[in-house]
Amino acid sequence: MVAPSRARVIVVQEIVPHYRLRLFELLHQQLASAGVDLKVVYGAPNAEQAAKHDLVELPAEIGLPVRNLWLGGKVLHQPVINRLLRADLAVLPNAAKYLPNYFFWLTGRRRSPRLGFWVYHTQQRAADRSIKETISRRMMRGASWWFAYTGSTRDYLLQTGAADERITVLNNSVDVAGFRARLASVTADDLSRLSKQLGLDPKAPIGLFCGGLHRDKRLEFLFEALRCLHRQCPEFQLLVIGDGSCRHQVVQAAAQDRRIHYLGPLFGHDKAVCFRLAQLFLCPGLVGLGILDAFAAGLPLVTTDLPIHSPEIDYLQHGVNGWMTPHDPQAYADAVLDLLHAPVRRQALGQQALVDAGRHSIDAMAERYADGILRCLTSPGSV
């Protein structure tokens, strides 16, 4: 499919986390081969976003950095409207907090640019009846196309009145193949070196948390569950990778218990070594794209039943590639202990996780994204 007359597409991002770099590189390549010029507009992080230390700048041929202006700390403005008006398609975040959305909603434009929304949802959002959510849904109705994170996001969009034939399900992903290559490069010496550095018993069971250290990750719950677990399995060790506004909670917990090892934000080979060392991936709070890192490493993910999970929770199948417990620290600790004491079951979960990781590649996501953009540009009714 080829777009007409060197079409111009702008995808708007609040910021660019490191895991989005490969997606935009692939998307840029695929659209260029179809005659489409892609630019990604993005801004600088606020203090909480910067605290994660996981952001990147895009290459000049792809990215257009702009200034992020936060109004009252809750509404984001980016000076992008003039750029968007010159585009053939603008893909915007579906957020009531994003001020440029109001321009297109209130002016009721039916000419260029065609509007797309990259839609994120949670179970909590699907049940939300607040003014903020009502505004967001009304804004989305003016779109020419919708790019859904996962299948459950598609269901949410259908409930808001979106046309099924104008929804592209992206199956949100990270560079699974790249991480698998890093995992494969980890040697026995690498594992031994890290074990010695942390003072780990080679026979000790090890869990891993890797993600942003923020409130929705339920870190206090994790450490309470760990205390329950230690009463039955005192040798259990926990590795924590990441950074964020709740870093102090992890630092304090590690200072009080030598079995908690805080390693800070890690990437590349260092991150892969930690994943190879662990037997389980522990994330009782919000589950996001970290689930694919766990699956790529063959680690069953253990989480809890919460309505705040990101759309990627769709990838978890309880008892098949991971485990979900009630949101109770003792129940969570019992599930972890049961999996540690059942190596055959744990390995079966891990093997299925490996299979499922291959179904959610960044290459497939980029292909679906490019296809949706081209379908939008060439569809006569999507204006």
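One structure accompanies this document, and this report is about it. (Residues numbered from 1 in each chain as written. Predicted model: local features only at pLDDT ≥ 70, side-chain atom pairs only at ≥ 80, totals over all residues. Heavy atoms only, no water.)

## Here we look at the packing of aromatic side chains
Applying the stated criterion across every chain, the model contains 10 aromatic pairs. Between Phe103 and Phe104 the ring centres are 5.1 Å apart and the planes differ by 85°, which places this aromatic pair in the edge-to-face class. By relative accessible area, which is 28% here, Phe103 ends up partly exposed. Note on Phe104: relative accessible area 6%, which makes it buried. Taken together, a centroid distance of 5.1 Å and an interplanar angle of 85° make the contact between Phe179 and Phe275 edge-to-face. Here Phe179, found in helix H8 (residues 176-184), pairs with Phe275, found in helix H12 (residues 268-277); they are 96 residues apart in sequence, far enough to count as distant. One aromatic cluster is present, formed by Phe24, Trp118, Tyr120, Phe147, Tyr149 and Tyr369 through successive ring pairs. Lying across the ring of Phe179, Lys271 places its NZ or CZ 5.0 Å from the centre. (Phe/Tyr/Trp six-rings, centres within 6.5 Å; stacked < 30°, edge-to-face > 60°. Buried < 20%, exposed > 50% of the residue type's maximum accessible area, 1.4 Å probe, protein only. Helix = DSSP H or I, 4+ residues; strand = E, 2+ residues; numbered from the N terminus. Lys NZ or Arg CZ within 6 Å of the ring centre and 35° of its normal.)

## Concerning the state of the cysteines
The tally for this structure, following the rule as stated, stands at 0 disulfides. Here Cys233 is not cross-linked by a disulfide; its sulfur's nearest cysteine counterpart is in Cys228, at 13 Å. The exposure class of Cys233 is buried, given its relative accessible area of 3%. (Disulfide = S-S within 2.5 Å.)

## Considering the pattern of salt bridges
Proximity of charged atoms lets side chains of opposite charge pair with each other. With the rule as written, the count across this model stands at 14 salt bridges. For Asp155, the salt bridge is made with Arg154, and the minimal N-O distance between the two is 3.5 Å. Its relative accessible area of 39% is what places Asp155 among the partly exposed residues. Looking at Arg154, the relative accessible area reads 26%, which means it is partly exposed. Residue Asp371 pairs with Arg375 through a salt bridge whose shortest N-O separation is 3.8 Å. One end of the pair, Asp371, and the other, Arg375, are both in helix H16 (residues 362-378), 4 residues apart, so they sit about a helical turn from each other. Since its relative accessible area comes to 34%, Asp371 is described here as partly exposed. (Salt bridge = Lys/Arg side-chain N within 4 Å of Asp/Glu carboxyl O.)

## A short note on the sheet that holds strand E6 (residues 89-93)
With respect to topology, 7 strands assemble into an open sheet ordered E3-E2-E1-E6-E7-E8-E9, the strand pairing being parallel. Both edges of this open sheet fall to strand E3 (63-66) and strand E9 (167-169), since each of them pairs with a single strand only. Adjacent strand axes in the sheet meet at a mean angle of 20°, parallel and antiparallel pairs treated alike. (Pairing = 2+ DSSP bridges. Axes fitted to C-alpha atoms, helices over the stretch in contact; angles between N-to-C directions.)

## Looking at the packing of helix H14 (residues 329-340) against helix H15 (residues 343-357)
A pair of packed helices is characterised by two quantities: the angle between their axes and the separation of those axes. Where H14 contacts H15, the axes come no closer than 6 Å and their chain directions differ by 100°. With respect to H15, the element H14 is oriented roughly perpendicular. For the pair formed by H14 and H15, the contact residues are Asp338, Leu339 and Leu340 on the first element and Pro343, Arg345, Arg346 and Leu349 on the second. Partitioning the contact of H14 with H15 into residue classes produces 4 nonpolar, no polar and 3 charged. (Parallel < 35°, antiparallel > 145°, perpendicular 65-115°, else oblique. Contact = heavy atoms within 4.5 Å. Nonpolar A, V, L, I, M, F, W, Y, C, P; charged D, E, K, R; others polar.)

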